[in-house]
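Next come the chains, spelled out residue by residue.
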Amino acid sequence: PAMTAAARHVAERGPRRVSPFLVPSFLANLASGQVSIRHGLRGPLGAPVTACAASLQAIGDAVRILRNGEADVMVAGGAEACLDPVSLAGFSAARAMSTKFNDDPANASRPFDQARDGFVMGEGAGILVLETEAHAKARGARILAEVSGYGTSADAYHVTSSSPDGEGGLRAMKLALAMAGLTPDDIGYVNAHSTSTPVGDAAEIAALTTLFEGRGKDLGVSSSKSMFGHLLGAAGAVEAIACVKALETGLLPPSRNLDHPDEAIERFELIPGQAIERPVDHILTNGFGFGGVNASAVFSHV
């Protein structure tokens, strides 16, 4: 909104009286910069600009920094304020957004459902405090979960579409499992990236089917985007929090609007409509974005 308002201002009134804070208001790294300034955080500072994988990549980057001994504590996550006529027009032009349910918006976001026709845009934010185990124990912190694995990859396929076989996302998931020292059989629940687009969901289904070959209803799979829409850059962090809460409570979150699941993924426990009580030790979560970027992380019970 800051950029579109400034564009209108310059077009209608010229460049005078544009705020000197215009550029800092929309630079992606200024979100983390403002947090650093306000709280005096002097460690590594950055902001992945990787579309809908951004906040999960921020968490992964923080994990790598901690593992490399560059910091003891990292604040990581993402925020998104995207509801603007220009962004809505852009995604609509790309045919990425749902249109069949304009008169029934509560049913528009339907990941993995046969009637899916696009995503519903949402806004939000999610932040995690990550620290080394030694640092957490030294200060007496209550440790909620461990980020045990992280992996990222590129499709090298298309600017907006995933490879139909989901190969890039599959590699990211395998890398996350390798860092965690786990096998696919160790994962009890997947919080899928699934946004409700026909092409994107199909690619993730293909990747999950390949990775979890032989698994069935013992693997829970759902998409939180069915409940709050697609938060774009903030999606991965908010869904990471859902994973942490699932580990903490033993409740696996459901998918809404899953009336007729895609037959290609029916083999798994899709958790339609209502959460199920099933304690698990390891959860995999995905974040994929335009440009072919893929990120996956494993959260483990402690």
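Residues numbered from 1 in each chain as written. Predicted model: local features only at pLDDT ≥ 70, side-chain atom pairs only at ≥ 80, totals over all residues. Heavy atoms only, no water.

## Comments concerning the packing of helix α7 (residues 167–180) against helix α8 (residues 198–211)
Any two packed helices are characterised by how steeply their axes cross, that is the angle between the axes, and by the distance between the axes. Across the interface, α7 lies against α8 with an axial gap of 9 Å and an inter-helix angle of 45°. One way to sum up the angle between α7 and α8 is to call them oblique. Along this stretch, α7 crosses α8, giving a crossing that reads as right-handed. For the pair α7 and α8, the contacting residues are Leu170, Met173, Lys174 and Leu177 in the first and Ala207, Leu208, Thr210 and Leu211 in the second. Among the residues forming the contact of α7 with α8, the class breakdown is six nonpolar, one polar and one charged. (Axes fitted to C-alpha atoms, helices over the stretch in contact; angles between N-to-C directions. Helix = DSSP H or I, 4+ residues; strand = E, 2+ residues; numbered from the N terminus. Parallel < 35°, antiparallel > 145°, perpendicular 65-115°, else oblique. Left-handed = near helix turned anticlockwise from the far one by under 90°. Contact = heavy atoms within 4.5 Å. Nonpolar A, V, L, I, M, F, W, Y, C, P; charged D, E, K, R; others polar.)

## Focus: α7
With 14 residues, α7 extends 20 Å from end C-alpha to end C-alpha; this agrees with the ideal 20 Å at 1.5 Å per step. Restricting attention to buried positions, one finds in α7 the residues Gly168, Gly169, Leu170, Ala172, Met173, Ala176 and Leu177. Against β3 (146–154), α8, β8 (282–289) and β9 (293–300) lie the buried residues of α7. (Expected span 1.5 Å × (residues − 1). Buried < 20%, exposed > 50% of the residue type's maximum accessible area, 1.4 Å probe, protein only.)

## Quick look at the sheet that holds strand β4 (residues 189–191)
Read across the open sheet, the five strands follow the order β3-β9-β8-β4-β5; overall the sheet is mixed. Either end of the sheet is taken by a strand with one partner, and the two such strands are β3 and β5 (220–222). When strand polarity is set aside, the average angle formed by the axes of neighbouring strands in this sheet is 15°. In terms of strand pairing, β8 meets β9 through eight bridges, oriented antiparallel. Residue pairing in the sheet places Asn286 in a bridge with Ser296 of β9. (Pairing = 2+ DSSP bridges.)

## Looking at the pattern of salt bridges
Evaluated as defined, the whole model comprises eleven salt bridges. Between Arg116 and Asp262 there is a salt bridge; the shortest N-O distance is 3.3 Å. Residue Arg116 is located in the loop between α5 (85–93) and β2 (124–131), and its partner Asp262 is located in the loop between β6 (251–252) and β7 (276–277); the two are separated by 146 residues in the primary sequence. In this structure, Arg139 and Glu131 form a salt bridge, with 2.6 Å as the shortest nitrogen-oxygen distance. Residue classification places Arg139 among the exposed positions, given a relative accessible area of 52%. Among the charged side chains, a network of salt bridges with common partners joins Arg110, Asp113 and Asp259. (Salt bridge = Lys/Arg side-chain N within 4 Å of Asp/Glu carboxyl O.)

## Observations concerning helix α1 (residues 2–13)
With twelve residues, α1 should cover 16 Å at 1.5 Å per step; its first-to-last C-alpha distance of 16 Å lies within 8% of that length. Those residues of α1 that fall on the buried side of the exposure criterion are Thr4, Ala6 and His9. Close packing links the buried residues of α1 with α2 (22–26) and α5. Directly beyond the C-terminal end of α1, a positive phi value near 85° is found at Gly14.

## Some words on the packing of aromatic side chains
Taken as a whole and assessed by the stated rule, the structure comprises two aromatic pairs. Both rings, one in Phe91 and one in Phe119, keep their centres 5.3 Å apart while their planes meet at 75°; by these two values the pair is edge-to-face. Residue Phe91 is found in helix α5, and its partner Phe119 is found in the loop between α5 and β2; the two are separated by 28 residues along the sequence. You can call Phe91 buried: its relative accessible area is 18%. The exposure class of Phe119 is buried, given its relative accessible area of 4%. Here Phe91 and Phe290 contribute two aromatic rings whose centre-to-centre distance is 6.0 Å and whose plane-to-plane angle is 55°, an arrangement assigned as tilted. Here Phe91 is found in helix α5, whereas its partner Phe290 is found in the loop between β8 and β9, with 199 residues between them in sequence. An aromatic cluster is present here, built from Phe91, Phe119 and Phe290 joined pairwise through their rings. (Phe/Tyr/Trp six-rings, centres within 6.5 Å; stacked < 30°, edge-to-face > 60°.)

Interpretation in functional terms is not warranted from these geometric data alone.
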